[in-house]
Amino acid sequence: MGSLFSRHYPWLILLGLLILQGTIVHWLIPSSWQSQVYVAPHFTLVFVLFIGLFRHRHSALVYGLIFGLLQDFNYYSSILGIYSFGMGLSGYLAGLTQRRQPNLVFYNLLITGLGLLTFEFINYGINRLFKLIDVNWEFALTHYMLPSVLFNLLFALLFYVPMRKLLEGKHSPATGTDD
Amino acid sequence: MVGLICFFILMGLTLGARAPMTWPEKFIKDSVSWTQGLFYKPAASIAGFFEDIRQLRVIYEENKTLKLTLTQYARDTQRLNELEAQNKRLMEALGFTERQRQANVYKYRIAEVVTIDPDPYNSTVTINLGDADGIKENMAVMTVDGLVGRVSKVFGFHSNVQLLTEINDTDTNSKAIAVTVKGNESEPFGMIESYDSKTGELVMNKVEQADSLKVGDTIITSGLGQVFPKGIEVGTIASIGPGEFGITYKVMVKPKATFSHIREVFVVEVPEVK
C-alpha cells in the first residue's frame, strides 16, 4: 500500500492541483487585482516542470500531455490541444536542461520561470494563430503573461523544497543498495 | 451585696434606647475592634485561599466546558452568517424570477458555478446543469444583473458557458448578439460582435442610425438573431463613435453583469427552443 502510493503520487498531486487551480485560487486572488491584471494559476504546469527538472524529461512530456489534455477537455470551448501541447513541450524543454550536481535553487527557478513564459507564449501564439482572440501583444504581455508568470513562480518558490524532496526521494534508495 | 445592687443599676440604666455612646465605651470598642481587625482580614484571606484551591478544580472544569460552548457558538455564528448570505442571494434570485415571470414567458433555471477556467484567453465557466436537466447548446446564461454568456457545450451533468468576454468576430465558435435599446425596441439595431479587454466594454457594430441612441441607454437583446432570446439586459451605452468605413456607427457598451466571482447563474429556457 505504501509503495503503491509512492509510485503513483504524481498523478494524485497533479489531479489535486488541477482541481485546486480551477476553484479555490480564483477566490483567493483579491478582486482589486482582478480588475487590472489577470493572474492565471498554472500549478499543474509548475509541477510538470519540476518533474522535468528532477525526474526524466520523457515522464514530464507524458504527464504534461495527459494533464494538459485533461484541462482541455474540462474547459473545452473552441479548440482542444493548446494546453496539452503547451504543457508537454514546456515540460520536455525543462527536462532537456537537466544538470548534475550542484543543483542550485536559483538555476531551477530560472528554468521554471522560462518554462512558464514559454507556455504563455505558446498559449497566446496558438490562440492568435487560430484567430480565437484578438488581444494585442503588448497588452497580453503586461496584463496576462507577466503577472501569471510571477504568480506561478511564487507558488514554485513556496513549494520548491517539498516537491523536490518528493520527486528526488525516489532515486536515492536505488543508488544505496549495491552489493 | 453592693455589687449586686451596682449590677442592677447598670442594667436598669442601659436597658432602654440610648443616645450616642459615652467616650469610654467608644474608646474600648475602637481599640478592641481595631486589634480584631488586624487578625480578621488575614484570617479571611487565608481561609479564602484554601477555599480557592478547593475551587480551582471546579473552576478549571467550568472553564473547559465554557470554552467548548464558546467555540460551538462561534461555529454556529459563522454558519448562521453563511446561511444568511446565501438566503439573501437566493431571495434576490427568487424575486428576480418572479419579476421576470410577469415580463416574459421564459423559464429561468438556476445553476451553480462549479469551476472557472484559469486561462485568460478562454474564460469558460462550468455550471452544474447538463444534458440530463434539459440544457441545450446556445441557451443564454445570465445573472441577476444581466447577460453573462451562452451555453457553449453540454455534457451529461454539467455545461460549459462561454462568457461575454470572449465574444470575437473572428472565432467561428462565438456568436454575436443582436441588440437594441430598451424602451425603443423597434428602431435601433446593432450587433455585439467583440469585447475590448483593455476597456472592459463590448463593441456593438453595424449601428445604422445613431440618433435614437444616447449615452446611458440600456442595451437589451433583440431576439432577431434567433440565438439569444429577446429582452435580456446586456449593458449600458458608454460611448458612441464612428464605425468601420465611416458608414455605420460603433457603440461601446459597458456590461451590467460582473464576470468575476460568479456563484449562481440563470439559464434562460425559451419555450419554443425545446
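The coordinates are above.
The text that follows walks through the structure, step by step, so that each part is easy to find.

What counts and how
- Within every chain, residues take consecutive numbers counted from 1 along the sequence as written.
- Throughout, the order in which chains and ligands are written sets their labels, letters from A for the former and numbers from 1 for the latter.
- Two thresholds apply to this predicted model, a pLDDT of at least 70 for residue-level local features and 80 or more for giving and counting side-chain atom pairs, whereas whole-chain, interface and lining totals are computed over all residues.
- Computation of side-chain values covers all heavy atoms of the structure but excludes hydrogens and water.
- Where helices and strands are cited, they refer to DSSP runs of H or I of at least four residues and of E of at least two residues respectively, numbered from the N terminus.
- Summary of the burial criterion: residues with accessible area below 20% of their type's maximum are buried, those above 50% are exposed, and those between are partly exposed, where the area comes from a 1.4 Å probe applied to protein chains only.
- Surface accessibility in these figures is a Shrake-Rupley result with a 1.4 Å probe; residues are shielded only by whichever protein chains are displayed.
- Only the stretch in contact is used when a helix axis is fitted, and all axes are lines through C-alpha atoms; the angle between N-to-C directions ranges over 0 to 180 degrees.
- Put simply, angles under 35 degrees are roughly parallel, angles over 145 are roughly antiparallel, angles from 65 to 115 are roughly perpendicular, and the rest are oblique.
- Helix crossings get a hand from a simple test, with the near helix turned counterclockwise from the far one by less than a right angle marking a left-handed crossing and a clockwise turn marking a right-handed one.
- Should any heavy atoms of two residues lie within 4.5 Å, those residues are considered in contact.
- Residues are grouped as follows: nonpolar covers Ala, Val, Leu, Ile, Met, Phe, Trp, Tyr, Cys and Pro; charged covers Asp, Glu, Lys and Arg; every other residue, Gly included, is treated as polar.
- For this document, the term salt bridge refers to a Lys or Arg side-chain nitrogen within 4 Å of an Asp or Glu carboxyl oxygen.
- A simple way to read buried area is as the amount of 1.4 Å-probe accessible surface that goes missing from two parts once joined, with both sides added.
- Distance and chemistry together define a polar contact, namely a pair of N or O atoms within 3.5 Å, with one atom able to donate a hydrogen and the other to accept it when in protein, and with adjacent residues in sequence counting only for side-chain atoms on both sides.
- Being paired, for any two strands, means DSSP has found at least two bridges between them.

## Concerning the overall build of chain B
Right, so step 1: Counting its secondary structure elements, chain B contains two helices and twelve strands.
Right, so step 2: By residue count, 36% of the 274 residues in chain B fall in the buried class.
Right, so step 3: Counting only carbon and sulfur atoms, one obtains 60% of the accessible surface of chain B, whose full area is about 17,000 Å².

## Structural notes on unusual backbone geometry
All names here are of chain B.
Right, so step 1: If you check the backbone angles, Asn-138 has positive phi at about 70 degrees while not being a glycine.
Right, so step 2: Its location among the elements puts Asn-138 in the loop between strand S2 (124–127) and strand S3 (140–142).
Right, so step 3: For Asn-138, a relative accessible area of 24% gives the class partly exposed.

## Let's talk about the packing of helix H3 (residues 43–54) of chain A against helix H4 (residues 57–74) of chain A
All names here are of chain A.
Right, so step 1: Direction vectors running N to C along H3 and H4 enclose 165 degrees, while the axes themselves pass 8 Å from each other. Relative to H4, the element H3 is oriented roughly antiparallel. Note on packing geometry: the crossing formed by H3 with H4 is right-handed. Residues Thr-44, Val-48, Ile-51 and Gly-52 of H3 form the contact with H4, whose participating residues are Ser-59, Ala-60, Tyr-63, Gly-64 and Gln-71.
Right, so step 2: When the residues that make up the contact of H3 with H4 are grouped by side-chain class, the tally is four nonpolar, five polar and no charged.

## Section: the pattern of salt bridges
Residues and elements named next belong to chain B.
Right, so step 1: Summed over the entire model, instances satisfying the criterion amount to five salt bridges over all chains.
Right, so step 2: For Glu-61, the salt bridge goes to Arg-57, with nearest N and O atoms at 3.0 Å. Taken together, the residues Glu-61 and Arg-57, both in helix H2 (residues 23–103) and four residues apart, mark about one turn of the helix.
Right, so step 3: With a relative accessible area of 34%, Glu-61 lands in the partly exposed category.
Right, so step 4: Classification of Arg-57 by relative accessible area gives exposed; the value is 53%.
Right, so step 5: Of the charged contacts, one joins Glu-233 and Lys-256 as a salt bridge, the two residues approaching to 2.7 Å between their closest N and O atoms. In this pair, Glu-233 sits in strand S10 (residues 233–242) while Lys-256 sits in the loop between strand S11 (249–255) and strand S12 (264–269), placing the two residues 23 residues apart along the sequence.

## Things to note about the packing of helix H5 (residues 82–96) of chain A against helix H6 (residues 105–129) of chain A
Residue and element names in this part refer to chain A.
Right, so step 1: Axis separation between H5 and H6 bottoms out at 9 Å; the angle between their running directions is 150 degrees. In this view, H5 runs roughly antiparallel relative to H6, as classed from their interaxial angle. The two elements H5 and H6 meet at a crossing, and its hand is right-handed. Mapping the contact onto sequence places Ile-82, Tyr-83, Phe-85, Gly-86, Met-87, Leu-89, Ser-90, Leu-93 and Ala-94 in H5 and Ile-111, Gly-115, Thr-118, Phe-119, Ile-122, Asn-123, Ile-126 and Asn-127 in H6.
Right, so step 2: Its residues placed into classes, the contact of H5 with H6 shows eleven nonpolar, six polar and no charged.

## What about the interface of chain A and chain B?
Right, so step 1: At the junction of the two partners, chain A supplies 33 residues and chain B supplies 27 residues.
Right, so step 2: A buried area of about 2,600 Å², summed over both sides, lies between chain A and chain B, and 52% of it is on carbon and sulfur atoms.
Right, so step 3: If you sort the residues of chain A by the area they bury against chain B, Trp-27, Tyr-75 and Ser-77 of chain A come out on top, with a joint share of 24%.
Right, so step 4: Where chain A packs against chain B, one counts five residue pairs in polar contact (both at pLDDT 80 or more).

## Side note on the sheet that holds strand S8 (residues 201–207) of chain B
Consider a sheet: its strands pair through backbone hydrogen bonds, and that pairing is either parallel or antiparallel.
Residues and elements named next belong to chain B.
Right, so step 1: Judged by pairing direction, the barrel is antiparallel, and its six strands sit side by side in the order S6-S7-S8-S11-S10-S9 before closing back on the first. Neighbour-to-neighbour, the strand axes of this sheet turn through a mean angle of 45 degrees, independent of strand direction.
Right, so step 2: Of the strand pairs in this sheet, strand S7 (residues 190–196) and S8 are connected by five bridges, and their pairing is antiparallel. Bridge pairing in S8 links Ile-192 to Met-204.

## A few points about the sheet that holds S12 of chain B
Right, so step 1: Pairing is antiparallel around the closed barrel formed by six strands, whose spatial order is S1-S2-S5-S4-S3-S12 (chain B). Adjacent strand axes in the sheet meet at a mean angle of 45 degrees when their direction is disregarded.

## Thoughts on the environment of Ile-82 of chain A
All names here are of chain A.
Right, so step 1: Tracing the backbone through its elements, the reader meets Ile-82 in helix H5.
Right, so step 2: The class of Ile-82 is buried, set by a relative accessible area of 7%.
Right, so step 3: Sequence-wise, Ile-82 and Leu-65 are 17 residues apart; in three dimensions their C-alpha atoms are separated by 10.0 Å.
Right, so step 4: Apart from the residues within four sequence positions on either side, Ile-82 is in contact with Asp-72, Asn-123, Ile-126 and Asn-127.

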